[in-house]
Amino acid sequence: MSQREASIWYFGNKAGLDFNSGAPTPLMDGLMETHEGCSTISDRNGNLLFYTDGVNVWDKSHKLMPNGTGLLGHESSTQSAIIVPRAGSNNTQYYIFTTDDPDPEDTPNHGLNYSLVDLTLNNGFGDVVPTEKNVHLITYNPENDLENKFKCSEKITAIQHNDESSIWVITHFVDSFYAFKVDSNGVTKAPVISATGTKAPVEGYKQNGVGYLKVSPNGKKVGIAHSQTSYSEQTGPKTQNKQTGKVLLYDFNSATGRITNEIPLLSNMIPYGLEFSPKATKLYVSINIYDDDGDPNGSSLLQYDLLSNNIIGSKEEIITSSNTAGALQLAMDGKIYRAGYPISGSGTALSVINNPDAKGISCNYQSNTVLLGGRTSELGLPPFVQSFFIFKFEYKNICLGNETEFTILDNAPFDSIKWDFGDGISSTEESPKHIYQQPGNYSVTLTKYIGGNPMEPLTKEITIFDVPSTPSEIVEHYQCAENENSNGIATFNLNLINPIVSLDIDQVTNVYYYNDLATAQQDISNSNSLANIYTNSSADEVLVAKVHNPISDCYAYAQVRLKVKNALNIDGPVLPGCDIGNGTGEFNLYGYGLLIKDQYNLPNNTDIRFYRNQNDAQLGRENYLRDSYVSPNRTLYIRLDQENICYGLGQFSLSVQRMEVPFQENKVYLCADNDKIEPVELFSEVSTNNQDDYSFLWSTGESTPSIKVNRPGTYTVTITNSIGCSVERKIAVFAVEPPKITDVLISNDRVEIITDLNGSYEYAIGDIYGPYQTSNVFMDVQTGTTNIYVRNLENCGVASRELFILSYPKFFTPNGDLKNDLWQLNFNGTDAHFFVESPILIFDRYGKLLTQLDPSAKGWDGTFNGKQLASSDYWFKVTLSGGKELKGHFALRR
């Protein structure tokens, strides 16, 4: 942005000023008549483009643009318009932001709007784009009837965004600031909203909306003047009780659009104009003065020192005059101009603050000295994007040894200038050149002087870069010949030369190659360099290498001679790899490289790389394989380099090897009895004959083929063969206690064994060796003494118990057919008296004793007192040896 965009002003009653010559010169060609709001814009060379009062737009020939009427500003709005360039339009498009006059007697109020002016229209004189005319922006609550009535204040200002491309347009309403971002995409309609601690309520409009809003040229501060902050619409003489105006100062973040940290500078007065000094060290405010009866009595100009520790207390009155308190506006000459007119006269001249950054009366204020050529000013002056008043400079050639050139980017006038290059050297030239003696960071400061007074210095940090370091002598690079009769011609990968022509390991560099120095120097964009895969045109051809630092854009040159040599033929042994499934194996290329070095007795500085195809190996491309490579069986290719010289080429085969160690996951059991655990041996399952071909590592840290353990848990063994392939075997070890017989249930010839149920068991009867069964019930057991046995499936001990079995018939049929006619216990030839110690007592179902049967008798015939008993169930009881009582029941069937 150039300051000459603010070089021409139109304002008041057809008044105008031209600042291009350095001193303001009256313009007599303006057609605008406005009491307050107006805005003007020029091109970078200071030529008028157009101007507006917020309602009409006049082009550079002072004609109304064809579509340049009916904008929704108002000539009596404090800041009815501000013109903002659109980024990326090459200075052909500008936005006019307008604010209406929020008067309760004047409805509807249109609020804040914007329109787009395109200077390519109307034969280059410009016109308002119909599709982007009076586009409304919301700075109020549409649901609030009062806010919806007034919509905005009369305040608007603009400043460059921190990105130095887009612009913030800032306005205020009631108790909030609204910052709209304008960039190459247009106007962002969603504003950044910053609430304030002070409220200018809608109940006091229109007067609450009057007063200027400004942002400092450096984009760090915002000042606002509320001519009134009353809750009443009552008008009339401005008596003391009606003077509720305020001036407030805020911090502004040009990166986020946020406004914070409110400082109330002034209260209970009627401020109007407001402006920052060029260095943003001072803030000036114009205030209307009224007598006690409310009659106007001129104005006062106040200054605040923004560098003071007590800004509020730094207030100084610069002058009191009979003029009204008009607008204050910074100009490209670094001075602040003041509008207004005598209470009983016309404003035929502007007042000026000649040294705005000076403190107090040293600011050199002069009243009514800038004549307007017979035209008159009112209250307003044209506001601008405040960044127009910040000057900038650029620099180029930042390589050590070059002449670094400094250029001022704006064309604003100045009396003298001073550069400080940050190394103790200064210059008063407008566009100096300077050679730095050392690389590093330097603070360069530019100071402009106007009227003998320094403007705010501009400082930039610049970095002077050292040029890349390159060899001073021709370096040689060797490529392996594809055949012995190459005649010095081969295909080279020029990328392999980079490390020997770029000697800086701490710099980012790119290297470009050329056939000669002149071509390298002429190729500014480095786009015409040789292809990286290059076939030399003659034996021992010399190329020029341009070593370029892309960060600093510094470069240096080196020469390299391309030479060809016969390659050492490398044929490596087969490389086995461990099978990882799907026919692929993992191959240790790093270890194989060490093997090649040892086999061919190569020096330690030999660089060995492996490739998938022969051409890549021949050229030494960057797609070489890393230390570990997964692949099926295939052929790979070798390239050897020594100090960036091709030394040898070769090939070898990959062979996927399977780990042939048969095993499966096992379970092993520890037998524990009364806290005594017998250790068990765990085996790797590698046969004894092959154990020397493997190494073993158990999870216990042991390295033997087998180990003994006496604790439950999961044990692992890693088995590794001679080529480094490994498999892992897991063995789960469980602690198992021997079985315990807790009870035996005997019913007639049925035996049921009850255990502790803490294991998986199998059962046998009569013989410890079995046969065993998984069921714990035995049927049809013969009468007599026998043993039962229980063992667990893990073979951890056998439990046993001796039993006496006495069986009996379950029924008898005393019908005289000599079959089952009598009922008796089945002694099967045993000595009944040895087992039975009492008669056999037989009862009916009601417990009545029917008979006492001698164990040695033939049996009971089913009678009682000589009479046959009916078919039914009957019970018996007998006492066995040892006092054990046997009970049971049987059936009598007729």
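Only a predicted model underlies this, so the values are computations on that prediction, with no experimental measurement involved.

Visitor: Explain the side chain of Q228 here, please?
Guide: Looking at the secondary structure, you find Q228 in the loop between β18 (221-226) and β19 (245-252). Taking relative accessible area as the criterion, Q228 reaches 7% and is therefore assigned buried. Of the polar contacts made by the side chain of Q228, one reaches the side chain of N208; its length is 3.0 Å. With sequence-adjacent residues up to four places away left out, Q228 is seen in contact with A200, G204, Q207, N208, K242, T244 and G245.

Visitor: Explanation requested: a nonpolar patch on the surface in the structure shown.
Guide: Where nonpolar side chains cluster on the molecular surface, the patch consists of I768, Y769 and V798 and spans about 340 Å² of accessible area. The partly exposed category is assigned to V798, whose relative accessible area is 42%.

Visitor: Explain unusual backbone geometry here, please?
Guide: With the exception of glycine, most residues fall at negative phi, and the peptide bonds are largely trans. Residue K206 is reached from Y205 by a cis peptide bond, and omega for that bond is 20°. Secondary-structure assignment places K206 in the loop between β16 (192-195) and β17 (213-215). Following G770, the chain continues into P771 via a peptide bond in cis, with omega recorded as 15°. Of note, P771 is situated in the loop between β58 (761-765) and β59 (777-778). In this model, D540 sits at a positive phi of 60°, which is unusual for a non-glycine residue. Relative to the helices and strands, D540 is located in the loop between β39 (533-535) and β40 (542-549). Among the residues examined, D540 registers a relative accessible area of 37% and is labelled partly exposed.

Visitor: Explanation requested: the pairing of strand β47 (residues 635-642) in the structure shown.
Guide: Successive side chains on a regular strand alternate, one facing one side of the sheet and the next facing the other. Within β47, 7 of the 8 residues are buried, which leaves the element mostly enclosed by the surrounding structure. When strand β45 (residues 606-611) meets β47, the two strands line up antiparallel, connected through 6 bridges. Of the residues in β47, the one forming a bridge with F610 is I638. Between β47 and the antiparallel strand that follows it, strand β48 (residues 645-657), lie 2 residues; E643 among them carries a positive phi value of about 50°.

Visitor: How should the confidence of the model for the protein be read in this particular structure?
Guide: When pLDDT is low, close inspection of the predicted coordinates is not appropriate. Of the residues in the protein, 96% reach a pLDDT of 70 or more, and the chain-wide mean stands at 89. Within the protein, helix α6 (residues 832-835) has the poorest average pLDDT of any element, 53, and strand β6 (residues 57-59) the best, 98.

The rules behind the values
- Residues numbered from 1 in each chain as written.
- Predicted model: local features only at pLDDT ≥ 70, side-chain atom pairs only at ≥ 80, totals over all residues.
- Heavy atoms only, no water.
- Helix = DSSP H or I, 4+ residues; strand = E, 2+ residues; numbered from the N terminus.
- Buried < 20%, exposed > 50% of the residue type's maximum accessible area, 1.4 Å probe, protein only.
- Polar contact = N/O pair within 3.5 Å; in protein donor to acceptor, adjacent residues only side chain to side chain.
- Contact = heavy atoms within 4.5 Å.
- Patch = residues over 30% accessible without salt bridge, like charges linked within 9 Å, V, L, I, M, F, W, Y side chains within 5 Å.
- Areas by Shrake-Rupley, 256 points an atom, 1.4 Å probe, with all protein chains shown as cover.
- Salt bridge = Lys/Arg side-chain N within 4 Å of Asp/Glu carboxyl O.
- Pairing = 2+ DSSP bridges.
- pLDDT = per-residue confidence, 0-100.

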